[in-house]
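Structural overview for review
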Amino acid sequence: MESNHVFTKERIRFAILSFYLAQGLCFSSWASRIPDIKALFTVEDALLWGWILFMIPVGKFVAIPLTGYLVSAFGSRIMVQASVLGYAAALAAIGYAPDVYLLGVCLFCFGIFWNMCDISLNTQGIGIERLFGRTVMATFHGGWSLAACIGALTGFLMILGGVQPVWHFTIVAAVIAATVLFGRKYLTDDAPPPAAAADREKSGKRALSGFIRRPEMLLIQLGIVSLFALIVESAMFDWSGIYFESVIQAPRSLQIGFLVFMVMMTAGRFLTGFAYRKLGRQRVLQLAGLLIFAGFLLSALPGGMAAASMTVKVAVISSGFMLVGLGISCMVPTVYSLVGAKSKTPTAIALTILSSISFVGSLVAPPLIGAITKTFGMQSAYIAVGLLGLCILLMTTFCRAFDNGK
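Now for a quick tour of the structure. (Residues numbered from 1 in each chain as written. Predicted model: local features only at pLDDT ≥ 70, side-chain atom pairs only at ≥ 80, totals over all residues. Heavy atoms only, no water.)

**Describing helix H13 (residues 310-328)**
An α-helical turn contains 3.6 residues, so a residue and the one three or four places further along point in the same direction. Between its terminal C-alpha atoms H13 stretches 27 Å, which fits the 27 Å expected from 19 residues at 1.5 Å a residue. Residues of H13 that are buried: Lys313, Val314, Val316, Ile317, Ser318, Gly320, Phe321, Val324, Gly325, Gly327 and Ile328. (Helix = DSSP H or I, 4+ residues; strand = E, 2+ residues; numbered from the N terminus. Expected span 1.5 Å × (residues − 1). Buried < 20%, exposed > 50% of the residue type's maximum accessible area, 1.4 Å probe, protein only.)

**Quick word on the environment of Ile256**
Residue position: Ile256 is located in the loop between helix H10 (217-248) and helix H11 (257-279). On the basis of relative accessible area, Ile256 is assigned to the partly exposed category, the value being 22%. Sequence separation between Ile256 and Leu153 is 103 residues; the distance between their C-alpha atoms is 9.1 Å. Dropping the residues within four chain positions of it, Ile256 is found in contact with Phe156, Phe244, Val314 and Ser318. (Contact = heavy atoms within 4.5 Å.)

**Quick look at the nonpolar core**
Trp30, Trp49, Phe110 and Met262 are the most contacted members of the largest nonpolar core, which has 121 residues in total. Of all the elements, H10 adds the most residues to this core, at 18 residues. Leave out the neighbours within four places in its chain, and Trp30 touches Ile37, Leu53, Ile56, Leu91, Ile94, Leu107, Phe110, Phe169 and Asp238. (Core = buried A, V, L, I, M, F, W, Y, C linked by side-chain atoms within 4.5 Å.)

**Brief notes about the packing of helix H3 (residues 46-53) against helix H4 (residues 55-74)**
The geometry of H3 relative to H4 is characterised by a closest axis approach of 4 Å and an angle of 25 degrees between their N-to-C directions. Here H3 lies roughly parallel to H4, going by the angle between them. Touching Trp51, Ile52 and Leu53 of H3 are Met55, Ile56 and Pro57, all from H4. The class makeup of the residues in the contact of H3 with H4 is six nonpolar, no polar and no charged. (Axes fitted to C-alpha atoms, helices over the stretch in contact; angles between N-to-C directions. Parallel < 35°, antiparallel > 145°, perpendicular 65-115°, else oblique. Nonpolar A, V, L, I, M, F, W, Y, C, P; charged D, E, K, R; others polar.)

**A few points about unusual backbone geometry**
Non-glycine residue Thr42 carries a positive phi angle of around 50 degrees. Its place among the elements puts Thr42 in the loop between helix H2 (34-40) and H3. Classification of Thr42 by relative accessible area gives exposed; the value is 59%.

**Things to note about the pattern of salt bridges**
In a structure, side chains of opposite charge can pair up when their charged atoms sit close to one another. Within the structure shown, the criterion is met by two salt bridges. Residue Arg33 is joined to Asp36 by a salt bridge in which the shortest nitrogen-to-oxygen separation is 2.9 Å. Across the pair, Asp36 and Arg33 agree in class, each one buried. Note that Lys374 and Asp45 form a salt bridge whose closest N and O atoms lie 3.2 Å from each other. Here Lys374 is found in helix H15 (residues 347-376), whereas its partner Asp45 is found in the loop between H2 and H3, with 329 residues between them in sequence. Relative accessible area serves as the criterion here: at 51%, Lys374 is assigned to the exposed category. (Salt bridge = Lys/Arg side-chain N within 4 Å of Asp/Glu carboxyl O.)

**Here's the deal with the environment of Ala63**
Structurally, the position occupied by Ala63 is in helix H4. Along the backbone, Ala63 and Cys109 are 46 residues apart, and their C-alpha atoms lie at a distance of 9.5 Å. With residues up to four places along the chain from it excluded, the contact list for Ala63 reads Ile112, Asn115 and Met116.

**Notes on the side chain of Glu233**
Following the sequence through the fold, Glu233 ends up in helix H10. In contact with Glu233, other than residues within four places in its own chain, are Asp238, Met265, Arg269, Ile328 and Val332.

**Considering the environment of Phe156**
Of note, Phe156 is situated in helix H7 (residues 137-161). For Phe156, a relative accessible area of 16% translates into the label buried. The sequence separation of Phe156 and Phe258 amounts to 102 residues, and the corresponding C-alpha distance is 9.3 Å. Not counting chain neighbours up to four residues away, the residues in contact with Phe156 comprise Arg252, Ser253, Gln255 and Ile256.

**With respect to the state of the cysteines**
Chemically, a disulfide is nothing more than a covalent bond linking the sulfur atoms of two cysteines. Scanning all chains against the criterion turns up zero disulfides. Unpaired in terms of disulfides, Cys109 finds its nearest cysteine sulfur in Cys106, a separation of 6.6 Å. Cys109 gets classed as partly exposed once you look at its relative accessible area, which sits at 30%. (Disulfide = S-S within 2.5 Å.)

**Notes on a nonpolar patch on the surface**
A surface patch of nonpolar side chains, amounting to about 390 Å² of accessible area, comprises Leu279, Leu287, Leu290, Leu387 and Leu390. For the nonpolar patch, the elements supplying multiple residues, two or more each, are helix H12 (281-299) and helix H16 (378-398). (Patch = residues over 30% accessible without salt bridge, like charges linked within 9 Å, V, L, I, M, F, W, Y side chains within 5 Å. Areas by Shrake-Rupley, 256 points an atom, 1.4 Å probe, with all protein chains shown as cover.)

**Remarks on H10**
With 32 residues, H10 should reach 46 Å at 1.5 Å per residue; the first-to-last C-alpha distance of 44 Å fits that figure. Counting buried positions along H10 yields 26 of 32 residues, so the element is predominantly enclosed.

Rendered as structure tokens:
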């Protein structure tokens, strides 16, 4: 395999960005068709649908210890290629699932490769930050969001054109496979020095178990904030399309919630670096918490606007989704950047510990939102999630992990 030292830093950075683009496209292709998948399998009960979506975070949980070991033992270069290809294959499989049970299996696999992508790809990203000597993680996550935005728009057009999810997902999987073949030679090689396989395996297991038993307080604090952020993301990724259907019964041509959320999330991530320079990381995160709270609160208003027109209701909810998108945009890249800048734990292990804490957000969000929706309605569920914005504000104000985070 060709060594990447012969390539320029910018070319390596662009290639790694292409993998973030592939991951974002894969994710948003699924998220944009969630209402169609739900309708295809005729799942009417919100709680049942929540438990079906629950298979994704279960898969992410299963992947946590395995991915930390594999990335530490074999390097993120190999794992990025395997996980992105697996992610695309799982997406295609969702479209071919013949019944709701196999759909759950496919979503479980989707969650496994999702988490493998997160850990291995962000390990590459942190390595690039060290190569450049400055923060570039927000740009990578901005690329992810840009691809997710394009995927959301493509999904919207596919819906209007009547294209079935199976063909949509198959085309996207083929595009992602081509991206991997193009960019694989530019990935940075962070594998451990050549050693006997048995020694390398023992070393990886020893490092993983040791650091998980004694995690840094920094990683715990960052993990809790990431946990809150993942619940917010789940509420928007998995339920935004359904929110437009259940709250205001918007026609398909006006179900733009996921799209406008992704547009603002993308814009916010490309503005994150500028915001860091003007305000510092801590104040940016504090502002993000306030925007998340305000956005969910605004999105709940149309329930009391019975006399308002459909256009007004769509505009109000969309404005709320935009605020949430802008607020959540900086959370993940900032947390990962702080891990790279402050943590004394090896990167792959640190990200594994972070995922071990934050995955709880992904794990509890689907059944929690489904249960609140079934009992009190989706507006109440969104208000409850919005309160996590205030929790993020408090954490980023009083926890030392965020002090002097400029």
